[in-house]
Amino acid sequence: MRIRRSKRALAVALAATLVLAACGDADDDVDPAADDNGEVTDDDVDDDDDDAVDLAGTSVSVFGAPTSVEEAAIQDVIQETFNEPTGANATYEGSDDFEAQIQIRAEGGNPPDVALFPQPGTLVEHAEAGYLVPLEELGYDIDELEATFGEYLLSLGEHDGQYYGIPTNVNYKSMVWYNQAIFDEEGYEVPETWDDMIALSEQIADDGYTPWVIGTGSDAATGWPATDWMEDIMLRSAGPEAYDDWVDGELPFDSDEVRAAAETFAEIAFENELIVGDTANIPDLDFRDAPDALFVDDGAVLHRQASFVTSFFPSGTQLGEDVNWFQFPAIDGQQGALIAGEMGAVYEDREEVREFLRSFTGEEAQCAMGSQEDPDTGDAVQRISPNLDVGPDCYIDEVMQEASQQIAEALEEGTARFDASDLMPAAVGSGTFWDGMNEWMRGADLDQVLQDIDAGWPN
């Protein structure tokens, strides 16, 4: 069972450190390294040090969900900051079917050396099953890791008093993207509340445009963008504490709070005059293709998606000119920030694996990730570092800088929460929750859908 912490206290602690890092004050090197006895120390460690460990002839396999431009960026950073200095051969493999494949590989006894989990809930399940090596056994000092990544994020990989995951990336999900030219031409104002956003949507429709494009297709992971809508709404309408209860299974899907969140989402998703296509087709529109509607005539004006969506914008898109964004608005006076990301976990304890994880989560590699560009468009690859030593100068566009600030402010206020479906057990989070959203969009009764999702909870 996952250990539940006081998330408000942890969030405030992380936020305070984030603010210090943004101001350039968090410059102490806390990256771990293994000494001859396998114990982690931070003495004389420098990511920029030329005295890299000689790992020639060794290899490290790394498996995760990011594909396409992100996959290439991850491999480029690994090559530059780990392979070349050490002589090792670490290779990253991305998969759109990561959730299913990591389970198959682990159960079949053929896991990667390192996995980058987008679902901490699945990571915890793999720890419980005995597949993963605890960070303590890898020689890490948990206090040092908490100083580098904050207690809240690190706690997401905790199981039975031990830690199994190190944050490797975060992204900001509470974002609504919009067509800047149409906003300027029509004089639309950024909505501050959910009611304002509904009124804006209706005004956009009255003016002859299609307000929203929603696409939740994602191959074997189809449905997750719909769960993000639910999570953003739950965080605001029910509040952070109820959100925590929902994540832990103490507040069922078949509850007034979750049903109200679904009905709020339906005010947009089930109003065909407000969306591209119709509700039943939402699961058939791939989330990677959905943003295209913002850039074509007779497309759409609004699209809710995380910071990484810019990787799927058309070549040559000018952020702040062609498209812009605003924070998902408040509901009943409550605001929040939905975040997600990845956590690195180890299946095989070898020297080169330890050194890879140390390098990949260290300041040099994490800063290098913030400056990666799409080779075709020149746009930034949207990966925000959870390493608190990584300052704003590492990012090459304002989207990542602004998104990181929104995260910090929400953490300070205690209203930031990690993606609920990623924290829930996989049978629910990437199982009945995803499936239930798809079935609901295609016409299933909401009450039955909520009951079916609850039925997926492990005993």
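Values in this document were obtained by computation on a predicted structure and should not be read as measured data. (Residues numbered from 1 in each chain as written. Predicted model: local features only at pLDDT ≥ 70, side-chain atom pairs only at ≥ 80, totals over all residues. Heavy atoms only, no water.)

A. Representation of the overall build of the protein chain in the model. The helix and strand tally for the protein chain stands at 17 helices and 13 strands. Considering the protein chain as a whole, with its 459 residues, one finds that 57% of them fall into the buried category. Within the protein chain, residue pairs in contact and separated by at least 24 positions form 77% of the contacts whose partners lie at least 6 positions apart. Carbon and sulfur atoms make up 41% of the accessible area of the protein chain, which amounts to about 17,600 Å² in all. (Helix = DSSP H or I, 4+ residues; strand = E, 2+ residues; numbered from the N terminus. Buried < 20%, exposed > 50% of the residue type's maximum accessible area, 1.4 Å probe, protein only. Contact = heavy atoms within 4.5 Å. Areas by Shrake-Rupley, 256 points an atom, 1.4 Å probe, with all protein chains shown as cover.)

B. Focus on the pattern of salt bridges. Inspection of the entire model under this criterion finds 20 salt bridges. Among the ionic pairs, Asp 228 bridges to Lys 173, the shortest N-O distance being 2.9 Å. Here Lys 173 lies in the loop between strand E8 (166–172) and strand E9 (175–179) and Asp 228 lies in helix H9 (residues 224–237), a separation of 55 residues in the sequence. Taking the relative accessible area as the measure of exposure, Asp 228 reaches 0% and is therefore buried. As a salt-bridge pair, Arg 350 and Glu 352 come within 2.6 Å of each other at their nearest N and O atoms. On the basis of relative accessibility, which here comes to 11%, the residue Glu 352 falls in the buried class. (Salt bridge = Lys/Arg side-chain N within 4 Å of Asp/Glu carboxyl O.)

C. Up close: the environment of Gly 208. Structurally, the position occupied by Gly 208 is in the loop between helix H8 (194–206) and H9. On the accessibility criterion, Gly 208 (63% relative accessible area) is exposed.

D. Region of the structure containing the packing of aromatic side chains. According to the stated counting rule, one finds 23 aromatic pairs in the structure shown. Note on Trp 194 and Phe 328: the rings are 6.0 Å apart at their centroids and 40° apart in plane angle, and the pair reads as tilted. With a gap of 134 residues between them, Trp 194 in helix H8 and Phe 328 in the loop between strand E11 (323–327) and strand E12 (337–346) connect regions that are remote in the sequence. The same class applies to Trp 194 and to Phe 328, which are both buried. These aromatic residues form a ring-pair network of at least three members: Trp 194, Trp 212, Trp 229, Phe 265, Phe 270, Phe 328 and Trp 440. Lying over the aromatic face of Phe 63, Arg 105 brings its terminal NZ or CZ to 3.9 Å of the ring centre. (Phe/Tyr/Trp six-rings, centres within 6.5 Å; stacked < 30°, edge-to-face > 60°. Lys NZ or Arg CZ within 6 Å of the ring centre and 35° of its normal.)

E. Seen up close, the state of the cysteines. Here the structure, examined in full by the defined rule, presents one disulfide. The disulfide that involves Cys 367 links it to Cys 394, with 2.0 Å between the sulfurs. Negative torsions about the S-S bond denote left-handed disulfides, and the value of about -100° found for Cys 367 with Cys 394 makes this one left-handed. Of this pair, Cys 367 sits in helix H13 (residues 363–370) while Cys 394 sits in the loop between H13 and helix H14 (398–413), placing them 27 residues apart in sequence. (Disulfide = S-S within 2.5 Å.)

F. The sheet that holds E9, seen in detail. Reading across the sheet, the three strands line up as E10-E9-E11 and stay open at both edges, with antiparallel pairing between neighbours. Looking at the sheet topology across the chains shown, the edges are occupied by strand E10 (302–304) and E11. Averaged over all pairs of adjacent strands, the angle between their axes in this sheet comes to 30°, without regard to strand direction. With three bridges connecting them, E9 and E10 associate as antiparallel partners. Pairing of Trp 177 across the sheet is with His 303, part of E10. (Pairing = 2+ DSSP bridges. Axes fitted to C-alpha atoms, helices over the stretch in contact; angles between N-to-C directions.)

G. Quick peek at the nonpolar core. The biggest cluster of nonpolar side chains holds 91 residues, and the ones touching the most others in it are Trp 246 and Phe 265. Those residues in contact with Phe 265, other than ones at most four positions away along the chain, are Ile 214, Ala 226, Trp 229, Met 230, Ile 233, Trp 440 and Met 441. Of all hydrophobic cores here, the second largest spans 33 residues; its members include Val 133, Leu 135, Val 353 and Met 369. (Core = buried A, V, L, I, M, F, W, Y, C linked by side-chain atoms within 4.5 Å.)

H. Representation of the environment of Ala 72. Relative to the helices and strands, Ala 72 is located in helix H2 (residues 68–86). Spatially, the C-alpha atoms of Ala 72 and Val 381 are 9.9 Å apart, while their sequence positions differ by 309 residues.

I. Region of interest: the pairing of E9. In terms of burial, E9 is largely enclosed, as five of its five residues are buried. Sheet topology note: the E9/E11 ladder contains five bridges and is antiparallel. Along E11, the bridge assignment pairs Asn 179 with Val 323.

J. The packing of helix H11 (residues 256–269) against helix H17 (residues 446–454), seen in detail. Closest axis-to-axis distance for the H11/H17 pair is 11 Å, and the angle between their directions is 130°. Here H11 is positioned oblique relative to H17, judged by the angle of their axes. Every pair of crossing elements has a handedness; the one defined by H11 and H17 is right-handed. On the side of H11, the interface is formed by Val 258, Arg 259, Ala 262 and Glu 263, while H17 contributes Leu 446, Asp 447 and Leu 450. (Parallel < 35°, antiparallel > 145°, perpendicular 65-115°, else oblique. Left-handed = near helix turned anticlockwise from the far one by under 90°.)

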